Amino acid sequence: MTAEHGGSLVARVLASRGVDSLFTLCGGHISPILVGAKQHGIRVIDVRHEATAVFAADAVGRLTGTPGAAAVTAGPGATNAVTAIKNAQLAQSPVVILAGATATILKGRGALQDIDHLALARPHVKRAFSVRRVKDVVPVLEEAFLLAQGGVPGPVFVEFPVDVLYPEDVVRDLYENAKPGSTATFADRIRRAYLRRHLDHLFKHADLNEPSPPEEPLVAPVTEGDVHRAIGRLSQAERPVLLVGSQAVLHPNEITSLATALGRVGLPVYLSGMARGLLGRDNPLLFRHRRREALREADLVLLAGVPCDFRLDYGRQISRAAVLLSVNRSRRDLVLNRKPTVSLVGDPAEFLCRLADMVGAAGYGDAAWLARLRAREKERDGEIDRLAEIETEFLNPLAVCQAIDRAMADDSVIVLDGGDFAATASYTALPRRPLSALDPGPFGTLGVGAGFALGAKACRPQAEVWIVYGDGSAAFSLAEFDTFVRHGMPVIAVVGNDAAWTQIARGQVEVFGDDVATSLRRTAYDVVAEGYGGKGLSVDCAAELDNVLRTAKELARGGAPVLVNASIGQTAFREGSLAL
């Protein structure tokens, strides 16, 4: 049989691992991968910045549980992707990054865009590979997909030199062009023999590349003894609280079982990261406000895939007198900053489902505790409603976010990209269902908006996909409106335009009395979107807000990506929230 070229082999592995969209920015080093992907029925979505490609792959990994895939070219293509790769690592997202590289024979000799990709990637990925022979393409890439999903999920980097990817006859012709003429010296003949031997090694057994069936990724099992230890502590608790994080929703097919399990266990629940939306909007066990107070008063806290990092004030939000139960796939995260009373290495979803099976409908905690939490919830919702009614110079940002919440369809996916405005939306524009809210995660990266929206739309083409942008973060990915148009992805973006990096300005002015470098212009972002071929709308009057969002939805249903430029003012809603 005739051996396939390396790029085609890459595509065959992608298809065998359930990849149906490959995100990329083109480059000569990776052309064989892109062409091969198209030939194997994989949709190739080309973007305007490599970070967007990796962000999109990250979103696919989060929403589907299948590693998302991004292809970037050598040198600057890889360096441009590093921030997005790091974001995926810290968010524990399964992603496989395919990177082009200079020819194997030219490594370290000053070739175009030749850098040490592996040294660049290693600190930010679970593992970095370099494929040196065509016969290794399939097994290395299969291992990369297994690693991305196993244990603590994360990104894996695979480098492909161009002579591994291109057809053998093309590569041999290129090497032939470097041959000496008839007056070759002895050194020339030695060089020629070396090149021939190098090529023979490069392509030897290139036809032994049939993808194997996918393996199940390895995760430490939860034992019956682990669950019994937790039950013993839970049975004594009067004021328990459960925090559920992204690790609990890594298996989309098991989401319904997990939500049912939480209802049966009966603990008051706070959701974070990708777990937001797990219980819908109105579940009586779901709480969103004043988590800090609840944690300080709780006599037992169960962390399901949640580390004690800055989001829990490094564990200080939890009373030292409380029993702390923690289950996490990561041994490091399990004991980060705070040693649990009971620590379990394993999958949080498996633990919670087994807990429900063993205890039945338990309803832990006394009724007075739940009533206290619900009273606070109602009180805070009332405060937000009152703050949303306060008139500001332009639109009240809380009112804008509440309008977005009213406008969102039940199948909506909401992407948060920004500081102050996006954080405001996280309180008020609520996901309707599981796996329908995307934010950067613990790295706090700006610029995720377009990439996350691309990934979401690729996974769920019929769903409404909303981007909530701050005006600072919007500029990172506005050029991707060109991508939305070219690939027929009608997302809806709302820019909260207050002409400032408000989250930074708030703390900076308070501490130093100076807003240097935090002021922007009230740029017409709607006009920018129009320039890229999308539709642009603007609104600065509260009476027009709902109508403008309805128009945006209609335009999106008609196939056009839309940007709403909402001029907003300042409120006291997030006073005291410092970006540190």
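Scope of this entry: the structure provided in the associated data block. Per chain, residues are indexed from 1 in the order of the written sequence. In keeping with the model being predicted, local features are shown solely for residues with a pLDDT of at least 70 and side-chain atom pairs are shown and tallied solely at 80 or more, while totals for entire chains, interfaces and linings include all residues. Hydrogens and waters are ignored; side-chain quantities use all the structure's heavy atoms.

**Focus on the overall build of the chain**
Helix and strand counts for the chain come out as 24 helices and 18 strands. Computed over its C-alpha atoms, the radius of gyration of the chain comes to 26 Å, within 12% of the 25 Å expected for a compact globule of 580 residues. Considering only C-alpha atoms, the chain reaches an extent of 95 × 60 × 45 Å along its principal axes. Buried residues are those whose accessible area, probed at 1.4 Å on protein chains only, stays under 20% of the maximum for their type, while exposed residues exceed 50% and partly exposed ones sit between those limits. Taking all 580 residues of the chain together, the buried fraction comes to 56%. Contacts between residues were defined by any pair of non-hydrogen atoms, one from each residue, lying within 4.5 Å. At a minimum sequence separation of 6, the contacts of the chain that also span at least 24 residues come to 76%. Carbon and sulfur atoms form 51% of the exposed surface of the chain, whose accessible area is close to 24,000 Å². The way it works is that DSSP assigns letters per residue, a run of H or I at least four long becomes a helix, a run of E at least two long becomes a strand, and they are numbered from the N terminus. Every radius of gyration here is taken over C-alpha atoms, with the globule rule written as 2.2 Å times N^0.38, N being the number of residues. The Shrake-Rupley method, run with a 1.4 Å probe, gives the accessible areas here. Residue values count only the displayed protein chains as cover.

**Some remarks on helix H2 (residues 31–39)**
Inspection of H2 places Pro-32, Ile-33, Leu-34, Gly-36 and Ala-37 among the buried residues, and these make up the whole buried set. Directly beyond the C-terminal end of H2, a positive phi value near 80° is found at Gly-41.

**Details of helix H17 (residues 397–407)**
The buried fraction of H17 is high, at nine of eleven residues. Along H17, the positions that sit buried rather than exposed are Pro-397, Leu-398, Val-400, Cys-401, Gln-402, Ala-403, Ile-404, Asp-405 and Ala-407. Along its buried surface, H17 packs onto helix H16 (367–388), helix H18 (420–428), strand S15 (465–470), strand S16 (492–497), helix H24 (545–557) and strand S18 (562–567). The backbone nitrogen of Leu-398 lies 2.9 Å from a side-chain oxygen of the residue at the head of H17, namely Asn-396. What qualifies as a polar contact is a pair of N or O atoms within 3.5 Å, subject to a donor-acceptor requirement within protein and to the restriction that residues adjacent in sequence count only when both atoms come from side chains.

**So, the environment of Ala-101**
Position of Ala-101 among the secondary structure elements: in strand S4 (residues 95–101). The residues contacting Ala-101, other than those within four sequence positions of it, are His-29, Ala-74, His-117, Glu-159, Phe-160, Pro-161 and Val-162.

**A look at the sheet that holds strand S5 (residues 127–130)**
Paired strands, in this sense, are two strands between which DSSP finds at least two bridges. Pairing in this open sheet of six strands is parallel, and the strands run S2-S1-S3-S4-S6-S5 from one edge to the other. The sheet is open, and its two edges are formed by strand S2 (43–46) and S5, each paired on a single side. Each neighbouring strand pair of the sheet contributes to a mean axis angle of 20°, computed without reference to strand direction. Relative to strand S3 (residues 68–72), strand S1 (residues 21–24) runs parallel, the two sharing three bridges. Within S3, the residue paired with Thr-24 across the bridge is Ala-71. Between N-to-C directions, angles span 0 to 180 degrees; the directions come from axes that are lines fitted to C-alpha atoms, helices contributing only their stretch in contact. In this fold H2 packs onto S1, S2, S3, S4 and strand S6 (155–161), with an angle of close to 155° to the strand it touches most, S1.

**Quick word on the nonpolar core**
Residues belong to one nonpolar core when they are buried, are Ala, Val, Leu, Ile, Met, Phe, Trp, Tyr or Cys, and are joined through side-chain atoms within 4.5 Å. Counting residues in each nonpolar core, the largest one holds 88 residues, and the members touching the most others are Val-244 and Phe-351. Contact partners of Phe-351, with chain neighbours within four places excluded, come to Val-222, Asp-226, Val-227, Ala-230, Leu-302, Val-327 and Leu-344.

**Considering unusual backbone geometry**
Phi is positive for Ala-499, close to 55°, though the residue is something other than glycine. You can see Ala-499 is positioned in the loop between S16 and helix H22 (502–512). Given a relative accessible area of 15%, Ala-499 falls into the buried group. The backbone of Ala-517 shows a phi angle near 70°, a positive value even though the residue is not glycine. Judged by its relative accessible area of 73%, Ala-517 is exposed.

**Observations concerning the packing of aromatic side chains**
Working definition: a ring pair exists when centres of Phe, Tyr or Trp rings (six-membered ring for Trp) sit within 6.5 Å. Plane angles under 30 degrees give stacked, over 60 give edge-to-face, the rest tilted. Considering all chains together, one arrives at three aromatic pairs under this definition. With 6.1 Å between their ring centres and 35° between their planes, Tyr-270 and Phe-287 make a pair best called tilted. Pair noted here: Tyr-270 is in strand S8 (residues 269–271) and Phe-287 is in strand S9 (residues 286–287), with a separation of 17 residues, a long-range link. Accessibility expressed as a relative area gives 2% for Phe-287, which makes it buried. Ring plane angle 80° and centroid distance 5.3 Å describe the contact between Phe-481 and Phe-484, whose orientation is recorded as edge-to-face. Within this pair, Phe-481 and its partner Phe-484 are both found in helix H21 (residues 481–486), separated by three residues, close to a single helical turn. Each member of the pair, Phe-481 as well as Phe-484, carries the same accessibility label: buried. Sitting above the plane of the Phe-394 ring, Arg-522 keeps its charged end 3.9 Å from the centroid. Cation placement over rings: the criterion is NZ of Lys or CZ of Arg within 6 Å of the ring centroid and within 35° of the ring normal.

**Digging into the environment of Ser-538**
Within the secondary structure, Ser-538 sits in strand S17 (residues 535–539). Not counting chain neighbours up to four residues away, the residues in contact with Ser-538 comprise Asp-526, Val-548 and Asn-565.

**Examining the environment of Val-485**
One can find Val-485 in helix H21. Spatially, the C-alpha atom of Val-485 lies 13 Å from that of Lys-457, the residues being 28 residues apart in sequence. Dropping the residues within four chain positions of it, Val-485 is found in contact with Tyr-532, Gly-533, Gly-534 and Pro-561.

By themselves, these observations are geometric and do not establish any function.
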